[in-house]
Amino acid sequence: MPLTAKAGGLSELPREERKTYELLDPRLPTGESVFRNFRAKRAPPWKIGYASSYADNTWRANVLDEFTNKLLPTFKKAGLVSELVVTQSNLDDSAQISQMRQMVDGGVDAIIICCSNLTALNPTIEYAHSKGVPVISYSGYVTSPFAINATENNMQGGFEASKWLAEEIEGSGNVLLVSGITGFASSDSFQAGATKALEYYPEINIVGQVDGKWTDSVAQSEVQKFLATNPGRIDGIIVQSGAESGVIDAVRQSGREIVPVVLGGEASASCYWRRNPEFVSRSFHFWPPRSEARFVWDVMMRTLEGQGPKIQSILRPAIPYTIDDVKADLPADCDPNSEDWLEPKDAAWWTADAAAKYFDNPADPLSWRPTN
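Procedures and definitions
Residues numbered from 1 in each chain as written. Predicted model: local features only at pLDDT ≥ 70, side-chain atom pairs only at ≥ 80, totals over all residues. Heavy atoms only, no water. Pairing = 2+ DSSP bridges. Helix = DSSP H or I, 4+ residues; strand = E, 2+ residues; numbered from the N terminus. Axes fitted to C-alpha atoms, helices over the stretch in contact; angles between N-to-C directions. Contact = heavy atoms within 4.5 Å. Phe/Tyr/Trp six-rings, centres within 6.5 Å; stacked < 30°, edge-to-face > 60°. Buried < 20%, exposed > 50% of the residue type's maximum accessible area, 1.4 Å probe, protein only.

1. Some thoughts on the sheet that holds strand E2 (residues 81–88)
And then number 1: Taken in spatial order, the 6 strands of this open sheet run E2-E1-E3-E4-E5-E10, and their pairing is parallel. The open sheet is flanked by E2 and strand E10 (313–316), the only strands paired with a single partner. Between one strand axis and the next, the sheet turns through 15° on average, direction left out of account.
And then number 2: Across 4 bridges, the pairing between strand E4 (residues 135–138) and strand E5 (residues 147–152) is parallel. Across the sheet, the residue bridging to Ser137 is Asn149, located in E5.
And then number 3: Against the sheet, helix H3 (residues 58–77) makes contact with strand E1 (46–52), E2, strand E3 (110–114) and E4, and its axis sits at roughly 165° relative to E2, the strand it touches most.
And then number 4: On the sheet, helix H4 (residues 93–105) packs against E1, E2, E3 and E4 and is oriented at approximately 175° with respect to E1.

2. Quick notes on the packing of aromatic side chains
And then number 1: Summed over all chains, the structure comprises 18 aromatic pairs.
And then number 2: Between Phe286 and Trp287, the aromatic rings sit 6.3 Å apart at their centres with planes inclined by 55°, giving tilted as the arrangement.
And then number 3: A relative accessible area of 4% means that Phe286 is categorised as buried.
And then number 4: Overall, the relative accessible area of 3% leaves Trp287 in the buried class.
And then number 5: Arranged with centres 4.7 Å apart and planes meeting at 50°, the rings of Phe295 and Trp350 form a pair that is tilted. Taken together, the residues Phe295 in helix H11 (residues 289–304) and Trp350 in the loop between helix H12 (323–329) and helix H13 (352–358) connect sequence positions 55 residues apart.

Set out below in structure tokens:
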């Protein structure tokens, strides 16, 4: 069942880290990073570009807040970053390509991208590399050998989510899939893992699939339409976060009995779980937004500092959490309309110890100083 990748950088990782690569989207690059011996073209402070592809959900809002109001001030104070240039392309590849080229020509030292098309940006990423500008993709990946992917293993995450739901509904029934955005790496990889897991449960039927665009309002509308035109029984819903709150609302408003729904960290959906402890047995952090922001920022800074990433794609595994974790984070009178997210405790998504295993010359990015 698992597809294990082999590559120069991957073979050097400790066994516990290589486990994260065992169930892998075969398109995800796992070769040795071209930035292993990279040196920034300028001394800090560095100018950073963030070429975002989409802004209209709570996940993106939390990421941007972490970048602009937490990480940027901290690294400015340390004298390592001068500014953050942010653009939004609204899912238009041509616009994102143009914005990235303008960033390179405008003197940025690194570019962060998110959840982008697998291949459309590759020529632009190569152009950035030719100008000494690393491009780091987070929460999804690109196939260019001239990029670094700092992302969760979405295929593994989809597999774990689907396997959990299959057990939750006792191995039989009808399941609805709510994707992110079809054609985007994180969405497609998650979906591939989810459908693969259900192959082991022949009495479970996938009765439909809709795109929720990782957005509650969109998911609510699409699921409502599906339920209205498909009166058959639904026993569980596999949804890509952050759209689970919209899915729960759609089911409740349809008048149907609530069924198990995969949760991924939205505080609003977790609030429903907080008030209904028997709703599900557990949930998962698949791509916690603030942890993801800190993850990609850390990888970017380490790369600019010449710490030498060993592998092209640095992956994180899904982290389960329980109702006890929810109760620790949310009060009994929690806000069902909150736009916040629950995050893994103690920087568990990307610890300093984990980072040290992926870089040749690991050091605390905030304490690093140029040698000359």
